[in-house]
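Chain and residue survey
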Amino acid sequence: MKTTVVIPNYNGKKYLADCLSSLERAEKERPAVIVVDNGSQDASAQEAKEAFPWIRLICFPENRGFDAAVNEGIRESRTPYVFLLNNDTKVRPGCISAMEARMEREKELFSVSARMVDMRNPEIMDGAGDLYSALGWAYAIGKGKPAAYYGKPRKLFSACAGAAIYRKSALELTGDFDESHFAYLEDVDIGYRARILGFSNAYEPSAVVLHAGSATSGSRYNEFKVFYSARNNVYLIYKNMPPLQILLNTPFLLMGFAVKALFFLKKGHGRTYVKGLCEGIRLCREPASRARRVRFKGKNLGNYIRIQLELWVNMFRRI
């Protein structure tokens, strides 16, 4: 195959073996698999290596986050494509070859997102990739809705890195996943950077992945996820939008942050959300963050305009 599967793992004892078993029988030719362990304490990585000696295992001494793990796996891969896959997933037969074929047909694609369905109820969608709006909201397409509604290919703002294939030659142009994120919104960030360069992202419904969801963080809404999502959203905006675009979107962004603050206040995480926003502002002021900011180039003006129009359209879709 032309694809290497990269699986970041952190205390994945409950799921990792099942994930690897599904990969073992998913294709006629078994793909190369790299498991990058983030300092797990449950022996999940070592047990996986013993049960599946054909995988390559890379172990970090501590938890360096999702981004550091996938970056290491991408650097160690030797194929034209890399398939990033959460450890709490199972791939259906033909999943990888379907995404690989889509990338082969459409050379402008940066990434392709799989059709993620709920592992407990595969008739319900977990996500068909991500959209991003002028409100500063990123959201999974189709989450919680009938999977039957999402049977057609489509273009996305960005792929969901929980189950998505990336073109390695394009990653050399966008740069790595930004390890400042640690976790959450890194896939929107790298998809945004690709869009600025003129690439596109897509959803492939024939590539099906079952996803347990929130296996590492614990639940859909928890302090870890709320904090890092808020923090990283501020950083994502600062990093990818030129000053004029930020100014143009400021009324929508302020409204979006206010609505989210009220939402998380009702969920009991209001203080955590505001703390995350403040930490995001602090992160933007760091010299390293300023160095990673995407510099505006006139040749990309048309791409910025297309992105802005999409941000407005996605805002009304979400509302």
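Everything discussed here concerns the structure shown above.
Please read all numbers here as calculations on a predicted model, not as lab measurements.

1. Structural notes on the overall build of the chain
Each helix and strand counted, the chain has eleven helices and twelve strands in total. In terms of overall size, the chain behaves like a compact globule, its C-alpha atoms giving a radius of gyration of 19 Å where 319 residues would be expected to give roughly 20 Å. By principal-axis analysis of the C-alpha atoms, the chain measures approximately 55 × 40 × 40 Å. Counting only residues that meet the buried cut, the chain has 56% of its 319 residues in that class. In the chain, 76% of the contacts between residues at least 6 apart in sequence involve partners at least 24 apart. Carbon together with sulfur atoms contributes 57% to the accessible area of the chain, which is approximately 14,200 Å² in total. Computed over 47 positive and 33 negative side-chain charges, the separation of the two mean positions in the chain equals 7 Å.

2. Section: the pairing of strand β1 (residues 3–9)
On a regular strand, each side chain points to the face opposite its neighbour's, so the side chains alternate between the two faces of the sheet. The buried fraction of β1 is high, at seven of seven residues. Sheet analysis places β1 next to strand β4 (residues 81–85), joined by four bridges and oriented parallel. By the bridge assignment, Thr3 is partnered in β4 with Tyr81. The sheet contact formed by β1 and strand β2 (residues 32–38) spans six bridges and is parallel. Across the sheet, residue Val5 finds its bridge partner in β2, namely Val33.

3. Points about the environment of Gly268
Position of Gly268 among the secondary structure elements: in the loop between α8 (243–266) and α9 (270–284). A relative accessible area of 61% places Gly268 in the exposed class. Separated by 107 residues in sequence, Gly268 and Ala161 have C-alpha atoms that sit 28 Å apart.

4. With respect to the pairing of strand β3 (residues 56–60)
Summarising the sheet, β2 and β3 pair through five bridges and their orientation is parallel. Residue pairing in the sheet places Asp37 in a bridge with Cys59 of β3. Chirality of the crossover, the property in question, places the unit of β2, helix α2 (residues 44–51) and β3 among those that are right-handed.

5. A word on unusual backbone geometry
A positive phi angle, close to 50°, is found at Asn11, a residue other than glycine. Tracing the backbone shows Asn11 in the loop between β1 and α1 (16–24). Residue classification places Asn11 among the partly exposed residues on the basis of a relative accessible area of 32%. You will see that Phe182, though not glycine, has its phi angle at about 65°, which is positive. Tracing the backbone shows Phe182 in the loop between α5 (168–174) and α6 (186–196).

6. What about α2?
Taken residue by residue, α2 has Ser44, Ala45 and Ala48 as its buried positions. Buried residues along α2 cover an arc of 95° about the axis, so they all sit on one side. Here the buried face of α2 lies against β1, α1, β2 and β3.

7. Side note on a nonpolar patch on the surface
Where nonpolar side chains cluster on the molecular surface, the patch consists of Phe296, Leu301, Ile305 and Leu309 and spans about 380 Å² of accessible area. In this structure, Leu309 sits in helix α11 (residues 301–318). Judged by relative accessible area, Leu309 falls into the partly exposed class, the value being 46%.

8. Quick look at the packing of aromatic side chains
According to the stated counting rule, one finds 16 aromatic pairs in the structure shown. With 6.3 Å between their ring centres and 70° between their planes, Phe182 and Phe224 make a pair best called edge-to-face. Remark: Phe224 occurs in helix α7 (residues 223–240) and Phe182 occurs in the loop between α5 and α6; sequence separation between them is 42 residues. Pairwise contacts between aromatic rings join Phe66, Phe110, Tyr166, Phe177 and Phe199 into one cluster. Over the ring of Phe60 we find Arg64, and its NZ or CZ is 4.2 Å from the ring centre. In this structure, Arg293 is placed above the aromatic ring of Tyr238, and the distance from its NZ or CZ to the ring centre is 4.4 Å.

How each quantity is defined
- Residue positions are counted from 1 within each chain, in the order its sequence is given.
- The predicted origin of the model limits local features to residues at a pLDDT of at least 70 and limits the giving and counting of side-chain atom pairs to 80 or more, whereas totals for whole chains, interfaces and linings rest on all residues.
- Excluding hydrogens and water, the side-chain values take into account all heavy atoms of the structure.
- Think of it this way: any DSSP run of H or I at least four residues long counts as a helix, any run of E at least two long counts as a strand, and we number them from the N terminus.
- All radius of gyration figures rest on C-alpha atoms, and the globule criterion is 2.2 Å times the number of residues raised to 0.38.
- Here's how the labels work: a residue is buried when its accessible area is under 20% of the maximum for its type, exposed when over 50%, partly exposed in between, all with a 1.4 Å probe on protein chains only.
- Contacts were defined at the residue level, with two residues in contact if any of their heavy atoms lie within 4.5 Å.
- What sets the accessible areas is the Shrake-Rupley method with a 1.4 Å probe; for residues, cover comes only from the shown protein chains.
- Positive charges come from Lys and Arg alone, negative charges from Asp and Glu alone, with His and the N- and C-terminal ends not counted.
- To locate a charge, take NZ of a lysine, CZ of an arginine, CG of an aspartate or CD of a glutamate.
- A pair of strands counts as paired when DSSP detects no fewer than two bridges linking them.
- By definition, the crossover connecting two strands over a helix is right-handed if that path, from the first strand to the second, turns clockwise as seen with the strands pointing away from the viewer.
- Our arc is simply the arc of the directions from the helix axis toward the C-beta atoms.
- Like-charged residues are merged into a patch within 9 Å and nonpolar side chains (Val, Leu, Ile, Met, Phe, Trp, Tyr) within 5 Å, provided each residue has over 30% relative accessible area and no salt bridge.
- Every case where a carboxyl oxygen of Asp or Glu lies within 4 Å of a side-chain nitrogen of Lys or Arg is listed as a salt bridge.
- Centre distance within 6.5 Å is the pairing criterion for rings of Phe, Tyr and Trp, where only the six-membered ring of Trp is used; planes under 30 degrees apart are then read as stacked, over 60 as edge-to-face, and the remainder as tilted.
- In this scheme, the term charge over a ring applies when either NZ of a lysine or CZ of an arginine sits within 6 Å of the ring centre and within 35 degrees of the ring normal.

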